[in-house]
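Coordinate inspection notes
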Amino acid sequence: MSRNEQKPASIFTLTAWMLSLTRPVVAPLAISSLARIADQMLGVVMLAYAGWQVGLFTTGQPGHSWLTVLGIIAGLALVKAFLRYLEQFTGHFVAFKALELLRRFAYEKLYPQAPAISRHARTGDLLSRLTRDIDRIEVFYAHTFAPMMSAIAVPILSAVLAWWLEAGSLALILLGMYVLALVLLIIVGGMNATASSGRILRTRSEIVNQASDIIHGHDEIAGYGLTDIMRGRLNDLNSRLLVDTRRLHTLYGVRRAITFGTMLAMAAVLLVVGAGQVNAGTLTIPALLATVAGGMRGWEAVRGVEDFSTFISQSFASAARLRELAQGEPVPPAGGEELSGSGAVALAAQDVSYAYVDPSGSKHEALRHVSLEVPAGQWHALVGATGCGKSTLATLFARYEDPAEGAIMVAEKDASGIEVASLRAAVVYLSQRTHMFNDTIANNLRLAAPDATDEQLWEVLEVAQIADEIRQMPDGLDTKMGEGGEAVSGGQRQRFGLARALLQHPRALILDEATAHLNDTLAQQVRRAVRNYLGDATILEITHRVSELDGVQKVHVMERGEVVESGIPAELAGGSGAFASLLNRAGGTL
Ligand SMILES: Nc1ncnc2c1ncn2[C@@H]1O[C@H](COP(=O)(O)OP(=O)(O)OP(=O)(O)O)[C@@H](O)[C@H]1O
């Protein structure tokens, strides 16, 4: 993300970061690692014991009775089973707790960046960082840390066991082969896998973006016959994914070959060297068999390295993406002075410039040296061709972000010094894309005022001219609005949005095309009712209906990111400026 440009973090930085986030799981993680080491070492001891007994039997030396051998192996197996259970239990506890901690951390870091972050990142990418990436980081705790610890401890302990069995030189060979296997796996599992995993994650998040575009744009896709184009795009992404996945899986295959290859090579070398020592009388057959059997069993630890090097590259790639997201500073910065008092507040922009920055870092200038004033209690309109920057300016008044240059003034104070929650309680921005949650009408309205009574809800619904339509619905205020408000019409959704904004009793209300979906008569009724309801509150109305500005005291005209004209609508209409030509083009009069 270009807002948070930073150097890629090293694996050590990422490891330290992941462990610092999940301090509460460090103790169970240690227990899980110890249980895993003990479990694997018991496996080594069991096989070494069995090998030793076979050696005694084949050389005709007295050993334990078969019943004792069976009893000892069964006893060891039971302890081993308990240790395995302990490892799995603590491992899963760690994994789930880590998931919870990571999710909480991610959301805590994200809220202060909203809603600005959704302007600078794609929804699908955000979603995949919050879901898939967190799931993959969890793998670090579940499948990485304990295997890494056992990969270090088990080879050393196995070599110590061989040395204790008086197979000192075999112990050195065993250790050497372990180290060789680990080095080969780490080399093969290194940079290539991390780079491929990073590319796979990026491609997957593009697929999610594409899929969410397809789901939201189903009407356009069907209407404009875009099915083949969309399918083609998805196929291209899938092909890209396939190439990287194939590359990664080839690497996994090579790693598996290394694990088995080195295990067989180790057994062969031990047998050849050991046979020579047996002939020379410096090693016993039971010690040789015990070392070979135990050594082969100990390769389980190497398998663990293979698995973790498979997952670790994905975990680190995901951790880097999440860390990048989480390192974003709160937007706007936290703190500031509370906006206290009551009554209308004035809005003003002083020489404001603003640019959008897309995920690739390129800038798109949306506002250039904009200045305008809406004195407290007045009703102004903001008009201009589509894309000229009206909504962008409106969001700055609600402090979605602070402008790069110039100042936004609210109640004659620089908005960048006003605490955000208090500012947004006073200055309400009603977006043109009002979102309704998949809940009842009443609950959607109460988002703005949780304690509002039914009477208060009906009051604002009357103002928004939608109360009659709700009375006719069988479930009234308890009618479900469907996902994204799909169960109600666009015009209804817009008026619900308006009713919700009014419930907050704004001291300044910014209406962004709030009546765009309504017919002219209804639009005028709504505008008048809103003005009456709000009393002396300030209103800034963004509209394309340039000929229907009844009650508006001043209009500001924008063109390509600049305010080019401001004045009383009736006066500007009679002139030859930007407003008059907008009015002409709309074929209207005032
Ligand atoms: N999230 C965004 N990322 C990048 N550019 C954006 C974004 N939102 C808006 N823009 C661009 O900024 C410019 C101003 O957009 P804005 O929505 O403020 O215009 P507007 O005047 O409100 O348009 P409309 O009347 O169509 O609502 C446009 O060129 C638009 O393409």
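Residues numbered from 1 in each chain as written. Predicted model: local features only at pLDDT ≥ 70, side-chain atom pairs only at ≥ 80, totals over all residues.

The protein is annotated in an unreviewed UniProt entry as ABC transporter ATP-binding protein from Boudabousia marimammalium. For the protein, the Subcellular location (unreviewed entry) comment in UniProt is given as "Cell membrane". (UniProt positions renumbered as here; feature names shortened; annotations may be inferred.)

Attention shifts here to the overall build of the protein. Across its full length, the protein holds 19 helices and 10 strands. Each of the 590 residues in the protein was classed as buried or not, and the buried ones make up 40%. (Helix = DSSP H or I, 4+ residues; strand = E, 2+ residues; numbered from the N terminus. Buried ≥ 20, exposed ≤ 12 C-beta atoms within 10 Å, placed from the backbone.)

Further remarks concern the nonpolar core. The biggest cluster of nonpolar side chains holds 79 residues, and the ones touching the most others in it are Phe397, Val410, Val427, Ala499, Leu509 and Ile510. Per element, the largest residue contribution to this core is six residues, and it comes from helix H16 (residues 490–503). The next biggest cluster of nonpolar side chains, apart from the first, holds 70 residues, and it includes Ala98, Ala162, Val302 and Phe316. (Core = buried A, V, L, I, M, F, W, Y, C linked by C-beta atoms within 7 Å.)

Turning next to the UniProt feature "transmembrane region" (unreviewed entry) in the protein. Look at the UniProt record and you will see "transmembrane region" (unreviewed entry) annotated at residues 41–59, 65–83, 139–164, 170–195 and 257–276. Taken as a whole, residues 41–59 contains 95% helix and 0% strand, while its terminal C-alpha atoms sit 27 Å from one another.

Below, the discussion takes up the sheet that holds strand E5 (residues 413–414). Taken in spatial order, the four strands make up an open sheet running E2-E1-E4-E5, and their pairing is antiparallel. Edge strands, defined here as strands with exactly one partner in the open sheet, are strand E2 (363–374) and E5. Helix H11 (residues 390–397) rests against strand E1 (347–357), E2 and strand E4 (405–410) of the sheet, and its axis sits at about 115° to E1. (Pairing = 2+ DSSP bridges. Contact = placed C-beta atoms within 7 Å. Axes fitted to C-alpha atoms, helices over the stretch in contact; angles between N-to-C directions.)

Following both chains from N to C, one finds helix H2 (residues 26–58) and helix H3 (residues 66–110) inclined at 160°, their axes separated by 8 Å at the closest point. The angle between the axes of H2 and H3 places the two elements in the roughly antiparallel class. In this structure, H2 crosses over H3, and the sense of that crossing is left-handed. Here the residues of the contact of H2 with H3 sort into 19 nonpolar, five polar and five charged. (Parallel < 35°, antiparallel > 145°, perpendicular 65-115°, else oblique. Left-handed = near helix turned anticlockwise from the far one by under 90°. Nonpolar A, V, L, I, M, F, W, Y, C, P; charged D, E, K, R; others polar.)

To continue, consider H2. Between its terminal C-alpha atoms H2 stretches 48 Å, which fits the 48 Å expected from 33 residues at 1.5 Å a residue. Positive backbone phi, at 70°, marks glycine 60, one or two positions downstream of H2. (Expected span 1.5 Å × (residues − 1).)

Below, the discussion takes up the pairing of strand E9 (residues 554–559). By the criterion of burial, E9 is predominantly enclosed, with five of the six residues buried. Pairing of strand E3 (residues 379–384) with E9, which is carried by five bridges, proceeds in the parallel orientation. Among the inter-strand pairings, leucine 382 is bridged to a residue of E9, identified as histidine 556. In the sheet, E9 pairs with strand E10 (residues 562–567) via five bridges, with the strands oriented antiparallel. From the neighbouring strand, glutamate 559 faces E10, where its bridge partner is glutamate 562. Connecting the antiparallel pair E9 and E10 is a turn made up of two residues, with arginine 560 showing a positive phi of about 40°.

Moving on, we get to unusual backbone geometry. Its identity as a non-glycine residue notwithstanding, glutamate 166 has a phi of 65°, on the positive side. As for its position among the elements, glutamate 166 is in the loop between helix H5 (123–164) and helix H6 (168–188). Using a count of 13 C-beta atoms within 10 Å as the deciding quantity, one classes glutamate 166 as partly exposed. A positive phi angle is found at arginine 399, which is not glycine, with a value near 55°. You can see arginine 399 is positioned in the loop between H11 and E4. According to the C-beta neighbour criterion, arginine 399 is buried, with 23 such atoms within 10 Å.

Two numbers describe a pair of packed helices, the interaxial angle and the distance between the axes. For the pair H6 and helix H9 (residues 227–280), interaxial distance at closest approach is 10 Å and the crossing angle is 165°. Comparing their axes, H9 and H6 come out roughly antiparallel. The handedness of the crossing between H6 and H9 is right-handed. Contacts from Leu170, Ile173, Leu174, Met177, Leu180, Ala181, Leu184, Leu185 and Val188 in H6 reach Leu251, Val254, Arg255, Ile258, Thr259, Thr262, Ala265, Met266, Val269, Leu270, Val273 and Gly274 in H9. Of the residues belonging to the contact of H6 with H9, the class tally is 17 nonpolar, three polar and one charged.

Time to look at the sheet that holds strand E7 (residues 508–512). Strand order in the open sheet made by the six strands is E6-E7-E8-E3-E9-E10, with mixed pairing throughout. Both outer strands of the open sheet, strand E6 (427–430) and E10, are each paired with one neighbouring strand and no more. Put simply, the sheet's adjacent strands are angled 15° from each other on average, direction ignored.

Right, let's get into the site of the ligand. Residues in contact with the ligand amount to 13 residues; listed here are only the nearest, Tyr356, Thr386, Lys390, Ser391 and Thr392. Elements supplying a minimum of two residues to the shell around the ligand: E2 and H11. (Near = placed C-beta within 6 Å.)

Note: α-helices contain 3.6 residues per turn, so residues at a spacing of three or four share the same orientation. Within the span of helix H14 (residues 454–463), buried status applies to Leu457, Val460, Leu461 and Val463. Along the long axis of H14, the arc covered by the buried residues comes to 155°, so they all point the same way. Facing away from the buried side of H14, by more than 90 degrees, are the exposed residues Asp454 and Glu455. Tucked into the core, H14 has its buried residues touching helix H13 (441–445), helix H15 (467–471), H16 and helix H17 (520–534). Immediately beyond the C-terminal end of H14, within one or two residues, lies glutamine 465, with a positive phi of roughly 60°. (Arc of directions from axis to C-beta.)

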